[in-house]
Amino acid sequence: MAFIKINKENFFYNLNQIALKTGSKEKIAIVLKDNAYGHGLVLMAKLASEYGITQAVVRTYSEAEKIETFFEHILILGDRIIKHESYTFTINSLEDITQAQSGASVELKVNTGMHRNGIPIDEIALAVEQIKQHNLNLVGVMTHYRSADEMGSEWFWQKKNFEAAKEKIKELGYHGVRFHSHNSASILRCKSFDEDLVRVGIGAYGYNELPTPFDRLALKPVLSLHAKKVATRLLQKGERIGYGGDFVAPKEMQISTYDIGYGDGWCRSSSTNPYITAENLPILGRISMDFISLEGNKKEICMMDDAQHAARQLGTISYEVTTALQEKIEKIVI
Ligand SMILES: *Cc1c(COP(=O)(O)O)cnc(C)c1O
């Protein structure tokens, strides 16, 4: 089977860079949704906790249950809202309030311009009123930026909207709630952090997705993907490899089969514009469910050691490359 190496030193390095921005480890909430972006939910929870992180963000209740021993507090982004002593739940709409279990701790998501989730600023008073009526405990107010990773004024505009939301919450008499808006791109470009928390995902895993015009902090990829040799053979000139025989040997060649494929969550892409591995070997012919072919006979190969580079080849983003990797892939910490 293909396997993943998790570089603990790089993970801690990235967390250090973020802690320098926030001023302390306590203000970092590590985002572990979707199997920690493919890195392994429980493994990354354990490492984050070892580093000194006390808060996590996940998508579902069942994810939270798997990692609850590692954290003091877990924020759940999108699941049924129930009463729980160390979990808080996101309110994405007014309907969420009416369906929440009495006594639950909640964090109100405010729509400051992304128009995906959250309550509009002019409905904050109404939402807070309903939160009281339903006997929910408001512990946080949050938002999410749509363009933190782009040059231009959008991020500033949304930040300003969130400041207005904060004022409104304070006017309504809530002074103890925590405020948080930053994701990775946003904290990486932020010069004066003054909130209670950052929700950091991709940055902790080693990718700075800000474009080059920004003064970009270098981060270090945490994950690398490897595969083992299954078989080696000698091809004569003109012999073809794999489904459809898309690759034709231009000369006598030694080739090997490796145990990774789209069944592991690797993008099948196209055999006419083949993916080139971290060791600079183009994949020969079509990618099978569980196998690829490469020239040579190395025992092990590194498929990828930088998801941002891979994403550029595959026409996507680092998030998708790592998140697609299947949970079943064995992980080794180095
Ligand atoms: C996924 C997510 C994050 C983390 O975003 P990154 O860009 O990976 O840092 C933060 N906040 C919310 C609401 C999210 O859904």
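From a predicted model like this one, the values you see are computed outputs, not experimental measurements.

1. A few points about the overall build of the protein
If you tally the helices and strands in the protein, you get 10 helices and 17 strands. Dimensions along the principal axes, computed over C-alpha positions, put the protein at roughly 80 × 40 × 35 Å. Within the protein, the proportion of its 334 residues that are buried is 52%. Of the contacts formed within the protein by residues at least 6 apart in sequence, a portion of 63% connects residues at least 24 apart.

2. Observations regarding the side chain of asparagine 14
Mapped onto the elements of the fold, asparagine 14 is located in helix H1 (residues 8-22). Taking relative accessible area as the criterion, asparagine 14 reaches 0% and is therefore assigned buried. Within polar-contact distance, the side chain of asparagine 14 engages the backbone oxygen of alanine 204 at 3.1 Å. With residues up to four places along the chain from it excluded, the contact list for asparagine 14 reads Gly203, Ala204, Tyr205, Gly206, Leu219, Lys220 and Val222.

3. A closer look at the pairing of strand S1 (residues 3-6)
Where S1 lies against strand S17 (residues 330-333), 4 bridges are found, and the strand directions are parallel. Across the sheet, lysine 5 pairs through a bridge with isoleucine 332, a residue of S17. Pairing of S1 with strand S11 (residues 223-235) involves 4 bridges; the strand directions are antiparallel. Paired with isoleucine 6 across the bridge in S11 is leucine 223.

4. Section: the domain arrangement of the protein
As far as domains go, the protein holds domain 1 (8-200) and domain 2 (223-305). Each of domain 1 and domain 2 has a C-alpha centre, and these two points are 42 Å apart.

5. Comments concerning the site of the ligand
Every one of the 14 residues lining the ligand counts as a neighbour, but Lys33, Tyr37, Ser184, Arg199 and Tyr319 are closest to it. Within the contact set of the ligand, an oxygen atom lies 2.5 Å away from a side-chain nitrogen or oxygen of serine 184. At a separation of 3.0 Å, an oxygen atom of the ligand approaches a polar backbone atom of glycine 201. Considered on its own, the ligand offers 390 Å² of accessible surface; in the complex 94% of this is hidden by protein. Elements with a contribution of two residues or more to the shell around the ligand: helix H2 (33-37) and strand S10 (198-200). A per-class count over the shell around the ligand returns 6 nonpolar, 4 polar and 4 charged.

6. Description of the side chain of serine 184
Mapped onto the fold, serine 184 is located in helix H8 (residues 184-189). For serine 184, a relative accessible area of 4% translates into the label buried.

7. Overview of H1
Two residues of an α-helix separated by three or four positions point the same way, owing to the 3.6 residues in each turn. Compared with an ideal rise of 1.5 Å per residue, which puts 15 residues at 21 Å, H1 spans 21 Å between its outermost C-alpha atoms and is within 8% of the ideal. Along H1, the positions that sit buried rather than exposed are Asn10, Phe11, Phe12, Asn14, Leu15, Gln17, Ile18, Ala19 and Thr22. The secondary structure elements touched by the buried residues of H1 are strand S2 (28-31), helix H3 (41-51), H8 and S10. Between the side-chain oxygen of the N-cap and the backbone nitrogen of glutamate 9 there are 3.1 Å, and the N-cap of H1 in question is asparagine 7. The first or second residue beyond H1 is glycine 23, which carries a positive phi of 95°.

Analysis parameters
Residues numbered from 1 in each chain as written. Predicted model: local features only at pLDDT ≥ 70, side-chain atom pairs only at ≥ 80, totals over all residues. Heavy atoms only, no water. Helix = DSSP H or I, 4+ residues; strand = E, 2+ residues; numbered from the N terminus. Buried < 20%, exposed > 50% of the residue type's maximum accessible area, 1.4 Å probe, protein only. Contact = heavy atoms within 4.5 Å. Polar contact = N/O pair within 3.5 Å; in protein donor to acceptor, adjacent residues only side chain to side chain. Pairing = 2+ DSSP bridges. Domains from an automatic or database assignment. Near = heavy atom within 4 Å. Areas by Shrake-Rupley, 256 points an atom, 1.4 Å probe, with all protein chains shown as cover. Nonpolar A, V, L, I, M, F, W, Y, C, P; charged D, E, K, R; others polar. Expected span 1.5 Å × (residues − 1).

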